[in-house]
Amino acid sequence: MDIATLTGACSIALGGEAIAMMGNDDRLMEKVKAAAEEVHERVWQMPLYDEYRDYIKSDVADLKNSGGRSGSLASSAYFLSEFADSTPWVHLDIAGTAWNDKEKPYLPKGATGVGVRLILNFLEEYCTSKT
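Residues numbered from 1 in each chain as written. Predicted model: local features only at pLDDT ≥ 70, side-chain atom pairs only at ≥ 80, totals over all residues. Heavy atoms only, no water.

A. Summary view of the pairing of strand β4 (residues 90-93). Of the two faces of β4, both are covered, the one formed by V90 and L92 as well as the one formed by H91 and D93. Strand direction decides the pairing type here: strand β2 (residues 19-23) and β4, joined by four bridges, are antiparallel. Within β4, the residue paired with M21 across the bridge is L92. (Buried < 20%, exposed > 50% of the residue type's maximum accessible area, 1.4 Å probe, protein only. Helix = DSSP H or I, 4+ residues; strand = E, 2+ residues; numbered from the N terminus. Pairing = 2+ DSSP bridges.)

B. Summary view of the environment of T5. Within the secondary structure, T5 sits in the loop between β1 (2-4) and α1 (8-14). Put simply, T5 and I94 are 89 residues apart on the chain and 4.9 Å apart in space, counted from C-alpha to C-alpha. Setting aside residues no more than four positions away along its own chain, T5 makes contact with D93, I94, A95 and A98. (Contact = heavy atoms within 4.5 Å.)

C. Focus on the sheet that holds β4. Across the sheet, which stays open at both edges, the four strands sit in the order β1-β4-β2-β3 with mixed pairing between neighbours. Looking at strand neighbours, the two that pair on one side only are β1 and β3 (43-45), the edges of this open sheet. Strand-to-strand twist across the sheet, computed as the mean angle between neighbouring axes with direction ignored, equals 25 degrees. Set on the sheet, helix α2 (residues 26-38) makes contact with β2, β3 and β4; between it and β2 the angle comes to about 160 degrees. (Axes fitted to C-alpha atoms, helices over the stretch in contact; angles between N-to-C directions.)

D. Expanded view of the packing of aromatic side chains. The final tally for this structure, using the stated rule, is four aromatic pairs. Seen from their ring centres, Y49 and Y52 are 6.1 Å apart, and the 10 degrees between their planes marks the pair as stacked. In textbook terms, an aromatic cluster arises when at least three aromatic residues are bridged by ring pairs, as seen for Y49, Y52 and Y55. (Phe/Tyr/Trp six-rings, centres within 6.5 Å; stacked < 30°, edge-to-face > 60°.)

E. Fine view of the pattern of salt bridges. Scanning the model with the defined rule gives five salt bridges in all. Between K104 and E17 there is a salt bridge, and its shortest N-O distance comes to 3.4 Å. Taken together, the residues K104 in the loop between β5 (99-100) and β6 (110-111) and E17 in the loop between α1 and β2 connect sequence positions 87 residues apart. Across the pair E41 and R117 runs a salt bridge, and its minimum N-O distance is 3.2 Å. (Salt bridge = Lys/Arg side-chain N within 4 Å of Asp/Glu carboxyl O.)

F. Main features of empty space enclosed by the protein. In the structure shown here, the tally under the stated rule is one cavity of 30 Å³ or more. One number sums up the size of the largest cavity: a volume of about 150 Å³. If you trace the largest cavity, you find 15 residues lining it, with G16, H40, T97, L107 and V114 closest to the centre. (1 Å grid on protein atoms, 1.4 Å probe; cavity = no way out; pocket = protein on both sides within 12 Å on 5 of 7 lines; lining within 4 Å. Points joined across faces, edges and corners; volume = space filled by probe spheres on them.)

G. Region of interest: the nonpolar core. By size, the foremost hydrophobic cluster in this structure holds 16 residues, and its most contacted members are A20, M22, L48, I56, L73 and Y78. If you list the elements that add at least two residues to this core, you get α1, β2 and α3 (72-84). A per-element tally of this core places α3 first, with six residues. Those residues in contact with Y78 that sit more than four places away from it in its chain are L48, Y49, D50, Y52, R53 and I56. Judged by nonpolar contacts, the second largest core, of 15 residues, contains M21, M29, A35 and L92. (Core = buried A, V, L, I, M, F, W, Y, C linked by side-chain atoms within 4.5 Å.)

Here it is, written out as structure tokens:
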């Protein structure tokens, strides 16, 4: 699992209300989603179609680290997926949720620390789960 403020496109797509989630293992993503809901750090699964690989093709390198503005949320995650290969992997883009402009009942104004509760809850559930 990786977590990063990867793209501003995440903020445009989901605002500050949800973390964009992409990965290569549906079962793992379902567990992450369940852990996220329990701690109110919601995730929304975005597509990671094979066609996004075309966005990061390069004439001079193995890959470009940016596919440009169009499809940037998915193409940026696809870039990361190239390094995961066949290892079960989930990417959480927290660009829209890492900072609050105003206080919420469960979070102060400013840096949110989003993802920490999610990951801790996931590890506790995943490490104690038999499935």
